[in-house]
Structures are given as structure tokens and as C-alpha cells.
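Chain and residue survey
Take a look at the letters that make up each chain.
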Amino acid sequence: MKALALIGGFGTRLRPVTYSVPKQLIPIAGKPMLYHVLDLLPADVEEVVLATGYKAEVIDAYVRAHPLRWPVRTVPEAEPLGTGGGMKNAGGGISDPFFLLNSDVIASADLNALRAAHLARGGVGTMALFEVENPQPYGVAALGPEDRITAFVEKPEPKDAPSRWINAGVAIWQRDVLDAVPAGRQVSFEREIVPGLLPRGVYGFRLGGYWEDAGTPERLLHAQRLLFDDHRGGPGGVPNGAKGPGPVATMGEVDVRDATFGKYVTLGAHVTVEPGAQVENSILMDGASVERNATVVDSLLGPNARARSGHRVAGQVLGEGAEA
Ligand code: GTP
């Protein structure tokens, strides 16, 4: 089977970092979000097709320089085509059925079990679902016997949500669902296509464990905690010359002296953390610096961003080269 990953969005909720770095290349727990998402795929997947758009050339260069376990092909779109349009544009040559992944989903899903459930029940698709307190920002499924999806509503008003089981952003579809997607224009697969597929048989696959949509700063940092707690963080550890409990993932050479690290930190390459500084529950991308006696907590520092000496940076997102 092949996999198609949607990776063309603008990542507006993670601006200003996503002005310079596409969302899926933001590191979490030691590697880019995209690489954690693809880790879910079974080893026997033959090819991963990346439906790219925004900053397509940056993603293409990165995956060439950092090969994955599977052959990877990127298919860029000239204009944003939405989730359905991206699938249609990149879906030529896809397998029948195929895995579909949103590239910002951090989860403990077993995709071998998802595949087995799909093959056993048939129908045109099987969507992984996760139960949340508040389904309103997501696509929500109503479930009938055998977990057949009987209704699917994207971002419903609270009173209209048919359940608390949401689209987890991981699914298997038969190839001919792409025939239902009009070509050459923007199409939301979830809004425009999925409801019309339900009479042909679409099933839910309930996930347990953990799940997060890492699309906002808070959820990105929560996804990082989930990955570390599941021992999916790394490589590295608290750097030499630093103290604290960690876990810390270090992605290259760093310059860290006499600093303190609390839990859940990612350090990109060429990060500097000066004496007396403290860092906790944060992501410091390549070249970021934390000067003497500064504190960085619950924050995302983009490439070459800087926390100035003695300052406290809490709950902030700093874009490339920004200072606080
Ligand atoms: P926000 O702008 O912050 O909402 O983020 P986003 O642009 O990533 O949108 P969203 O989280 O809703 O997208 C879900 C998934 O679909 C992500 O993996 C996106 O990269 C992807 N995606 C969204 N729009 C497009 C598109 O027009 N084309 C392609 N190929 N992928 C898309």
C-alpha cells in the first residue's frame, strides 16, 4: 500500500514561525513533525506521496537531505487546492486502497490494525476517530452498528455535534473516492466529499491512547510532551555542561553552559543557551539563543530568535530572528 500525506497548508495558527518554516518541518521532541507523523506508517508501505503546496521546495529539499524509511515523492500544487484538491492532484498512481494522513497529527495509532479493520469491513473508507471533550473545531462522526459512519459534520455548532468522536486525520480510502473530487479547483474533502461517500460505506476506527492536532502553539507543545512521555523523543539528552531533569532532545551541535533545563525541550542545531538561563517545555529552533539569566518557558523560538539577557519569555512564539 502507498500513503498520501497532505502537507500543503499555510500553518497560519503557527505564525510567525511558519512565515519562514513550513509547519511540518517544525521540530517536536527532536525531529520534524512530519517525521513523527510518518512514523505511524507500517514498514511495508511502498511509497509516501507528499501533497505539498506552501513552501513546497523547502519540504522537497529537506526530505531529500533526510531520507525516510520509504521512497518519498513530492507533488506540489501551484495554488492551494484544499485537502480534497490536494488528494486529487497528488493521487495519480496511488494504490487501492491508500493511507491518507494529515501531517500534523501526533498519535499512538496502530495503522496495521486500521488496515485490518478496513479490509474486514469493506466499504470505501475507514477513518480513525478520537474522542475529545469538545468536538466543535473538528470533523465529527455519528456512528451506527459496526461503527459505520452515518453522518459527518465538519466544525459543527456545539448543539449540532452528533458525537464526541472526531476525524483523527488518519484514514484508509479506496482509490475511486478520488473520482468524486472535482479537478482543478479548491475542494475540502471533509466538507464536500465525505458526506456524499457515506451511503457507499465509510467506517469509524476508534483510537485509544493519545492524539493531538499539533496545529497551534499550545497543542504543539502538548504533542511534544506526549511524544517524550511515549519515549518517542530524542536523540540526545541534557547537554554536557547543563543541569536539570530533561528530557531534552538535541538536534545538532549546541553551545550550552551552566544552564538549567526543565522537562520537555527540543534544541535545534547551533542553539546557544548561556549561563544562568533556564528553559522548560519549549522548542528552540536552529540558531536560537537564550542569553544570560533569561528564562524561556512554554514557548516556540523560531530560527535565530533570541531571548535577551535577564528577560522572561513565557507562552510566546517568536518568528525567525525575532527578539524578546
Ligand atoms: P492553519 O492555517 O493553521 O489552519 O493550518 P493548515 O494550513 O495546516 O490547515 P489544517 O490544519 O486545517 O490542514 C490539515 C492538513 O491538510 C495539514 O496537514 C495541511 O498541511 C493540509 N492542507 C491544508 N490545506 C491544504 C492544501 O490546500 N493543499 C494541500 N496539499 N494540503 C493542505
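Calculation rules
- Residues numbered from 1 in each chain as written.
- Predicted model: local features only at pLDDT ≥ 70, side-chain atom pairs only at ≥ 80, totals over all residues.
- Heavy atoms only, no water.
- Near = heavy atom within 4 Å.
- Polar contact = N/O pair within 3.5 Å; in protein donor to acceptor, adjacent residues only side chain to side chain.
- Areas by Shrake-Rupley, 256 points an atom, 1.4 Å probe, with all protein chains shown as cover.
- Phe/Tyr/Trp six-rings, centres within 6.5 Å; stacked < 30°, edge-to-face > 60°.
- Helix = DSSP H or I, 4+ residues; strand = E, 2+ residues; numbered from the N terminus.
- Buried < 20%, exposed > 50% of the residue type's maximum accessible area, 1.4 Å probe, protein only.
- Lys NZ or Arg CZ within 6 Å of the ring centre and 35° of its normal.
- Pairing = 2+ DSSP bridges.
- Domains from an automatic or database assignment.
- Contact = heavy atoms within 4.5 Å.
- Buried area = accessible area lost by both parts, 1.4 Å probe.
- Salt bridge = Lys/Arg side-chain N within 4 Å of Asp/Glu carboxyl O.
- Nonpolar A, V, L, I, M, F, W, Y, C, P; charged D, E, K, R; others polar.

As a matter of local geometry, the ligand sits amid 19 residues, with Leu6, Thr12, Lys23, Glu77 and Gly82 nearest to it. Within the side chain of Glu77, one N or O atom sits 2.6 Å away from a nitrogen atom of the ligand. A distance of 3.3 Å is found between an oxygen atom of the ligand and a backbone nitrogen or oxygen belonging to Leu81. Protein chains shield 82% of the accessible area of the ligand, which is 610 Å² for the free molecule.

Our focus in this paragraph is the packing of aromatic side chains. Tallied over the full model, the rule gives 6 aromatic pairs. Judged by centre distance (6.1 Å) and plane angle (40 degrees), the ring pair of Phe228 and Tyr264 falls under tilted. Here the residue Phe228 occupies a position in helix α7 (residues 217–229), and Tyr264 occupies one in the loop between β16 (260–261) and β17 (265–267), the gap between them amounting to 36 residues. Across the pair, exposure class does not vary: Phe228 and Tyr264 are buried alike. Three or more aromatic residues joined by ring pairs form one cluster here, namely Phe130, Tyr138 and Trp211. In this arrangement the basic side chain of Arg206 is found over the ring face of Trp165, its NZ or CZ atom lying 4.8 Å from the centre.

So, about the sheet that holds strand β25 (residues 312–314). Strands belonging to one sheet form pairs held by backbone hydrogen bonds; the direction of such a pair is parallel or antiparallel. If you trace the 4 strands from one edge of the open sheet to the other, you get β16-β19-β22-β25, paired in parallel fashion. Of all the strands in the sheet, just β16 and β25 have a single pairing partner and so form its edges.

The next thing to look at is the domain arrangement of the protein chain. Along its sequence, the protein chain is organised into domain 1 (2–211) and domain 2 (242–318). Each of domain 1 and domain 2 has a C-alpha centre, and the two are 32 Å apart. On the side of domain 2, 10 residues touch domain 1, which itself brings 13 residues to the contact. Roughly 800 Å² of surface becomes buried between domain 1 and domain 2 when both sides are summed, with 83% attributable to carbon and sulfur atoms. Considering only the surface of domain 1 that becomes buried against domain 2, Val17, Pro27 and Gly30 emerge as the three largest contributors, covering 53% of it. Counting across the domain 1 and domain 2 interface gives 0 salt bridges. Taken together, the connections running from domain 1 to domain 2 amount to 2 residue pairs in polar contact (both at pLDDT 80 or more). If you list the elements that add at least two residues to the side of domain 1 that touches domain 2, you get α1 (17–20), β2 (27–28) and β3 (31–32). Split by residue class, the side of domain 1 that touches domain 2 holds 9 nonpolar, 2 polar and 2 charged.

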